[in-house]
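# Residue-level structure breakdown
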Number of protein chains: 4
Amino acid sequence: MLNRVILIGRLTRDPELRYTPAGVAVTQFTLAVDRPFTSGGSKEREADFINIVTWRQLAETCANYLRKGRLTAVEGRIQVRNYDNNEGKRVYVTEVIADNVRFLESSNSAGNREEGGSNANASYGGGSSGNRGGGSREQQDPFIDDGKPIDISDDDLPF
Amino acid sequence: MLNRVILIGRLTRDPELRYTPAGVAVTQFTLAVDRPFTSGGSKEREADFINIVTWRQLAETCANYLRKGRLTAVEGRIQVRNYDNNEGKRVYVTEVIADNVRFLESSNSAGNREEGGSNANASYGGGSSGNRGGGSREQQDPFIDDGKPIDISDDDLPF
Amino acid sequence: MLNRVILIGRLTRDPELRYTPAGVAVTQFTLAVDRPFTSGGSKEREADFINIVTWRQLAETCANYLRKGRLTAVEGRIQVRNYDNNEGKRVYVTEVIADNVRFLESSNSAGNREEGGSNANASYGGGSSGNRGGGSREQQDPFIDDGKPIDISDDDLPF
Amino acid sequence: MLNRVILIGRLTRDPELRYTPAGVAVTQFTLAVDRPFTSGGSKEREADFINIVTWRQLAETCANYLRKGRLTAVEGRIQVRNYDNNEGKRVYVTEVIADNVRFLESSNSAGNREEGGSNANASYGGGSSGNRGGGSREQQDPFIDDGKPIDISDDDLPF
DNA sequence: TTTT
DNA sequence: TTTT
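Residues numbered from 1 in each chain as written. Chains lettered and ligands numbered in written order. Predicted model: local features only at pLDDT ≥ 70, side-chain atom pairs only at ≥ 80, totals over all residues. Heavy atoms only, no water.

Superposing chain A onto chain C takes a rotation of 180° combined with a translation of 0.0 Å along the rotation axis, leaving an RMSD of 0.1 Å. Taken together, the rotation and translation describe the operation of a two-fold axis. Closest approach to the rotation axis within chain A is made by the C-alpha atom of Val5(A), at a distance of 2.2 Å. Comparing interface residues between copies, 81% of those in chain A also lie at the interface in chain C; the contact surface is shared. (Least-squares fit on C-alpha atoms with pLDDT ≥ 70 in both. Contact = heavy atoms within 4.5 Å.)

Take a look at the structure:
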């Protein structure tokens, strides 16, 4: 019925941009989100490593602007997929499907807080869109098949 | 940069549906949201009375399905408007512009959990719509590399 | 840095209450959260099945008041644990550690909207503190039921 | 029942720290939160100016670390107070009572991402507890500066 | 001006 | 009364 997640953390590595055979852009990255406490007796802070997936235009923007270590805010929903692995065992994968990503740090330490990437958000639908009484149509439909299959091996996946 | 609100409460009265001169539907209602504590010495629970505004299709759905007293979840963003009143004084108005409304109680006490109204959310545009991100096939993991290209046709994609 | 989740869905089964060897209550249940769209050509609505964990006083309240099928709102944070399974393979588990649970439906269809359970919050309860939830063991899955009591010492708990 | 807000924006001015007569710290500031669109034909981005209130330990930390212009994340709940102004007219004030504030920019442009202030949370601090924020007087606006100390007794505070 |  |  309702499923909303908001995270602020840092990328554990550069985002990975891929395309489905139909040419839909998909970007995946992991956010390290520090926990608000230290566990047990230890004083070292721990983090949760949360997998983020973005699609289409937002995927392209994330791939262009995000880099390992950058402080980033993500808004989206939790999704749980499952598949049967090569031993025939069902594996569950939990990801956050992001529809809004804020780049809280830019490449140059100072300055350009208002570069294009800082406002990336998912807005689908032909014609009008959104909540604003005004428009935000995307310029281009990334349903473009570049002919190459997605090149991912199991080892690349952090789960 | 980021502005997200989620509320659960009860309507203080029936929603009011109006139309702008251009014919855009606007519905307004107030949500009574109980506070998680009782103040001072008194034991009576207090509430915040929060004004909600919805636009377009969502406005029509809210006007049709919501009624005074109904338990309702609202997702949206805080907006602060201001105007000069008739004494020439600037007045500030804070509202939640909703883009997702869940009807947690229906007219008939029991049953119909899946009636149309229970899934109202702001998504304009004929056919495609919304805020859905992507990737929701349950049967197959698109990130498993089995050597073959991923078996998804455009028709499988939910956008 | 920031990690917040809000969900509304229905319990897939009755909650399970357990105790750590030190006597800390832990309740686990799964929330079925309908997706806001239907995938592919099919018209059947899909859902994400999200594991929820509550601790201490909130765990007891959830075990007492929640039942299979009940519409429930959950607020918390995403936690990713990992442990090595019996084949020596690292398994990752994603859960929502809830610190606020709202019972949107009570046992008797009508009436008692204000029974004690409807206000369960992690902040309350004797000597408890904060918004932190709990449970962050990296080595072992407390929900694997091997017939023995859960093998957690108080020192493992971050509160 | 449930009332949660998450904002990211910039302080419009330095925060203001005050104390109730009983010595409880209260800090107030305003967050400028850019809207995700530009209105009308104009190309200049607009913002919502949202009043934030923090109490106790969190108030002190905010007063110490936040400054005008700093990018800041705020988590809390919407509160609507009202009071009668000097013309005997009822005035409604909407604020966000924060229980979690993240300092996304530090004083020195580079570096120190882990300074103490970056982890301010209402749950911590001597003897405090919970996620409840504070301040819910209905009769009087503590932020009207009449030159006299703030007229609040400890009994008015809900914690 | 407020809901249960 | 507003930030970048």
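There is more to say after this.
Bringing the interface of chain A and chain C into the picture now. Reports of interface size often rely on the accessible area that becomes lost once the parts have come together. Counting residues at the interface gives 32 residues for chain A and 33 residues for chain C. For the chain A and chain C pair, buried surface summed over both sides reaches about 2500 Å², with 56% attributable to carbon and sulfur atoms. Taken as a group, Met1(A), Leu2(A) and Phe37(A) account for 22% of the area that chain A buries against chain C, more than any other trio of residues on that side. Our count for the chain A to chain C interface comes out at two salt bridges. (Buried area = accessible area lost by both parts, 1.4 Å probe. Salt bridge = Lys/Arg side-chain N within 4 Å of Asp/Glu carboxyl O.)

Residue and element names in this part refer to chain B. If you check the backbone angles, Arg-56 has positive phi at about 60° while not being a glycine. Within the secondary structure layout, Arg-56 lies in helix 1 (residues 56-65). When its relative accessible area of 29% is taken as the criterion, Arg-56 is described as partly exposed. (Helix = DSSP H or I, 4+ residues; strand = E, 2+ residues; numbered from the N terminus. Buried < 20%, exposed > 50% of the residue type's maximum accessible area, 1.4 Å probe, protein only.)

Of the residues in chain A, 69% reach a pLDDT of 70 or more, and the chain-wide mean stands at 76. Low confidence marks residues 124-159 of chain A, where pLDDT is under 50. Its contacts with residues over four positions away, or in another chain, come to 80 contacts. (pLDDT = per-residue confidence, 0-100.)

Attention now moves to the pairing of strand 1 (residues 2-11) of chain D. Of all 10 residues in strand 1 of chain D, nine are buried, a share of seventy percent or more. As defined by bridge partners, strand 1 (residues 2-11) of chain B adjoins strand 1 of chain D across seven bridges and the pair is classed as antiparallel. Looking across to strand 1 of chain D, one finds that Ile6(B) is bridged to Arg4(D). When strand 1 of chain D meets strand 5 (residues 71-84) of chain D, the two strands line up antiparallel, connected through six bridges. Across the sheet, residue Arg10(D) finds its bridge partner in strand 5 of chain D, namely Leu71(D). Summarising the sheet, strand 1 of chain D and strand 3 (residues 25-34) of chain D pair through two bridges and their orientation is antiparallel. Bridge pairing in strand 3 of chain D links Arg10(D) to Ala32(D). (Pairing = 2+ DSSP bridges.)

Residues and elements named next belong to chain A. Taken as a whole, this structure holds 44 salt bridges over all chains when the rule is applied. Arg-35 is the partner of Asp-48 in a salt bridge, and the nearest nitrogen-oxygen pair spans 2.7 Å. Of the two residues, Asp-48 is situated in strand 4 (residues 47-55) and Arg-35 in the loop between strand 3 (25-34) and strand 4; the sequence distance between them amounts to 13 residues. Given the relative accessible area of 1%, Asp-48 is considered buried. Taking the relative accessible area as the measure of exposure, Arg-35 reaches 1% and is therefore buried.

Turning next to helix 1 (residues 56-65) of chain A. Residues lying three or four places apart along an α-helix face the same way, a consequence of the helix completing one turn every 3.6 residues. For helix 1 of chain A, the set of buried residues is Arg56(A), Leu58(A), Ala59(A), Thr61(A), Cys62(A) and Ala63(A). Elements in contact with the buried residues of helix 1 of chain A: strand 2 (16-19), strand 3, strand 4 and strand 6 (90-103) of chain A.

Residue and element names in this part refer to chain A. Relative to the helices and strands, Arg-77 resides in strand 5 (residues 71-84). Taking the relative accessible area as the measure of exposure, Arg-77 reaches 5% and is therefore buried. Polar side-chain contacts of Arg-77 include one of 3.0 Å to the side chain of Gln-79. (Polar contact = N/O pair within 3.5 Å; in protein donor to acceptor, adjacent residues only side chain to side chain.)

Inspection of helix 1 (residues 56-65) of chain C places Leu58(C), Ala59(C), Thr61(C), Cys62(C) and Ala63(C) among the buried residues, and these make up the whole buried set. Contact partners of the buried residues in helix 1 of chain C: strand 2 (16-19), strand 3 (25-34), strand 4 (47-55), strand 6 (90-103) and strand 7 (120-121) of chain C.

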